[in-house]
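Architecture and fold: a report
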Amino acid sequence: QVQLTESGGGLVQAGGSLRLSCAASGRTFGSYTMGWFRQAPGKEREFVAAINWGGSTTYYADSVKGRFTISRDNAKNTVYLQMNSLKPEDTAVYYCAALRGYSGSYRKMSEYDYWGQGTQVTVSS
């Protein structure tokens, strides 16, 4: 069992930055692919970024590529999402998720085994 707790959300002006953190419980954090998803009001939850167990491979949605960076520190059981050049359309609840092992379908919510409660990010124009 893995418990995930996100933090770091808040209100920021367009063009600003935020760093989200996701702390995981458990001793097997290093064996999980970790992902970030987001859900805007009235929209479906969508993939944002993912990182493999060792941190050597990352994946991004086209909408955030070049602006967001996902990273992890396995010693701290934590995954991060650095968000730069934020836009109003980035406003959403951001969720981290854990996927046991590896999946080629890392963009699909159904592949993930554990989810956090989410943290709100609001970008004002």
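Residues numbered from 1 in each chain as written. Predicted model: local features only at pLDDT ≥ 70, side-chain atom pairs only at ≥ 80, totals over all residues. Heavy atoms only, no water.

Let's shift gears to the nonpolar core. The biggest cluster of nonpolar side chains holds 39 residues, and the ones touching the most others in it are L4, M34, W36, L81, M83 and Y94. Taken together, the elements giving at least two residues each to this core come down to β3 (18-24), β4 (32-39), β5 (46-51), β6 (58-60), β7 (68-73), β8 (78-83), β9 (92-100) and β11 (119-124). The dominant element in this core, judged by the number of residues it contributes, is β9, at six residues. With residues near it in sequence (within four places) discarded, M34 still touches L4, C22, F29, A49, A50, I51, I70, R72, V79, A97, A98 and Y112. (Core = buried A, V, L, I, M, F, W, Y, C linked by side-chain atoms within 4.5 Å. Buried < 20%, exposed > 50% of the residue type's maximum accessible area, 1.4 Å probe, protein only. Helix = DSSP H or I, 4+ residues; strand = E, 2+ residues; numbered from the N terminus. Contact = heavy atoms within 4.5 Å.)

What follows concerns the pattern of salt bridges. Applying the stated rule across the entire model yields five salt bridges. Taking the shortest distance from any N to any O, the salt bridge between D90 and R67 comes out at 2.8 Å. Taken together, the residues D90 in the loop between β8 and β9 and R67 in the loop between β6 and β7 connect sequence positions 23 residues apart. As a salt-bridge pair, D113 and R100 come within 3.2 Å of each other at their nearest N and O atoms. In this pair, D113 is assigned in the loop between β9 and β10 (114-115) and R100 in strand β9, connecting sequence segments 13 residues apart. For R100, a relative accessible area of 48% translates into the label partly exposed. (Salt bridge = Lys/Arg side-chain N within 4 Å of Asp/Glu carboxyl O.)

In this approach, a probe sized like a water molecule rolls over the atoms, and the result shows the empty space that is left. As a volume, the largest pocket reaches approximately 150 Å³. The wall of the largest pocket is formed by 13 residues, among which R38, K43, E46, E89 and D90 lie closest to the centre. Taken together, the residues of the lining of the largest pocket break down into two nonpolar, three polar and eight charged. (1 Å grid on protein atoms, 1.4 Å probe; cavity = no way out; pocket = protein on both sides within 12 Å on 5 of 7 lines; lining within 4 Å. Points joined across faces, edges and corners; volume = space filled by probe spheres on them. Nonpolar A, V, L, I, M, F, W, Y, C, P; charged D, E, K, R; others polar.)

This part is about the packing of aromatic side chains. Applying the stated rule across the entire model yields seven aromatic pairs. Here the basic side chain of R45 rests over the ring of W115, its NZ or CZ set 5.1 Å away from the ring centre. Sitting above the plane of the F29 ring, R72 keeps its charged end 4.5 Å from the centroid. (Phe/Tyr/Trp six-rings, centres within 6.5 Å; stacked < 30°, edge-to-face > 60°. Lys NZ or Arg CZ within 6 Å of the ring centre and 35° of its normal.)

Moving on, we come to the pairing of β7. Burial of the side chains of β7 is restricted to one face: F68, I70 and R72 are buried, whereas none of T69, S71 and D73 on the reverse face is. By the bridge criterion, six bridges tie β7 to β8 in an arrangement that is antiparallel. Note that in β8 the partner of D73 across the bridge is T78. (Pairing = 2+ DSSP bridges.)

This paragraph deals with the environment of G118. For G118, the position within the fold is in the loop between β10 and β11. Measuring from C-alpha to C-alpha, the distance between G118 and A92 comes to 9.5 Å, with 26 residues separating the pair along the chain. Ignoring sequence-local partners within four residues, the contact set of G118 consists of E6, V93, Y94 and Y95.

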